Amino acid sequence: MRLRRTMLYLPGNNPNMLLRGHLFKPDGLILDLEDAVAMREKDAARILVRDVLRQGQFGDCEVTVRINGMDTSYWKDDLE
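Residues numbered from 1 in each chain as written. Predicted model: local features only at pLDDT ≥ 70, side-chain atom pairs only at ≥ 80, totals over all residues. Heavy atoms only, no water.

Caption draft 1: Up close: the overall build of the protein chain. Helix and strand counts for the protein chain stand at three helices and three strands. Taken from N to C terminus, the helices and strands of the protein chain fall in the order β-α-β-α-β-α. The C-alpha radius of gyration of the protein chain comes to 12 Å, within 12% of the 12 Å expected for a compact globule of 80 residues. If you line up the protein chain on its principal axes, its C-alpha atoms span 35 × 25 × 20 Å. One finds the centroid of the 12 positive side-chain charges in the protein chain at a distance of 5 Å from the centroid of its 13 negative side-chain charges. (Helix = DSSP H or I, 4+ residues; strand = E, 2+ residues; numbered from the N terminus. Rg over C-alpha atoms; globule rule 2.2 N^0.38 Å. Lys, Arg positive; Asp, Glu negative; His and termini not counted. Charge placed at Lys NZ, Arg CZ, Asp CG, Glu CD.)

Take a look at the structure:
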């Protein structure tokens, strides 16, 4: 079992934070497409998060993507 002490939320529309968040050595990174991203930036954030995930350079960090709520019209696009 792995103990998670720190989880770092990173806005999905901030390339600098997405690419460098693992340098702070958190146990986990949460790439946020929900509250941290303005409505007008959601499409661009999805593309950025997808591309960063494909690179897969997160060190030992567990990586999670926080999608928009299922009570919104955005979550299906997040999953695509």
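Having seen the structure, we can now continue with the description.
Caption draft 2: Region of the structure containing the sheet that holds strand β2 (residues 28–32). Strand order in the open sheet formed by three strands is β1-β2-β3, with parallel pairing between adjacent strands. Both outer strands of the open sheet, β1 (7–11) and β3 (62–66), are each paired with one neighbouring strand and no more. Taken pair by pair, the neighbouring strands of this sheet meet at an average axis angle of 25°, ignoring direction. Inspection of the sheet shows β2 paired to β3 by five bridges, in the parallel sense. Across the sheet, Gly-28 pairs through a bridge with Glu-62, a residue of β3. (Pairing = 2+ DSSP bridges. Axes fitted to C-alpha atoms, helices over the stretch in contact; angles between N-to-C directions.)

Caption draft 3: Looking closely at unusual backbone geometry. If you check the backbone angles, Lys-25 has positive phi at about 60° while not being a glycine. Positionally, Lys-25 belongs in the loop between α1 (15–20) and β2. For Lys-25, a relative accessible area of 65% puts it in the exposed group. (Buried < 20%, exposed > 50% of the residue type's maximum accessible area, 1.4 Å probe, protein only.)

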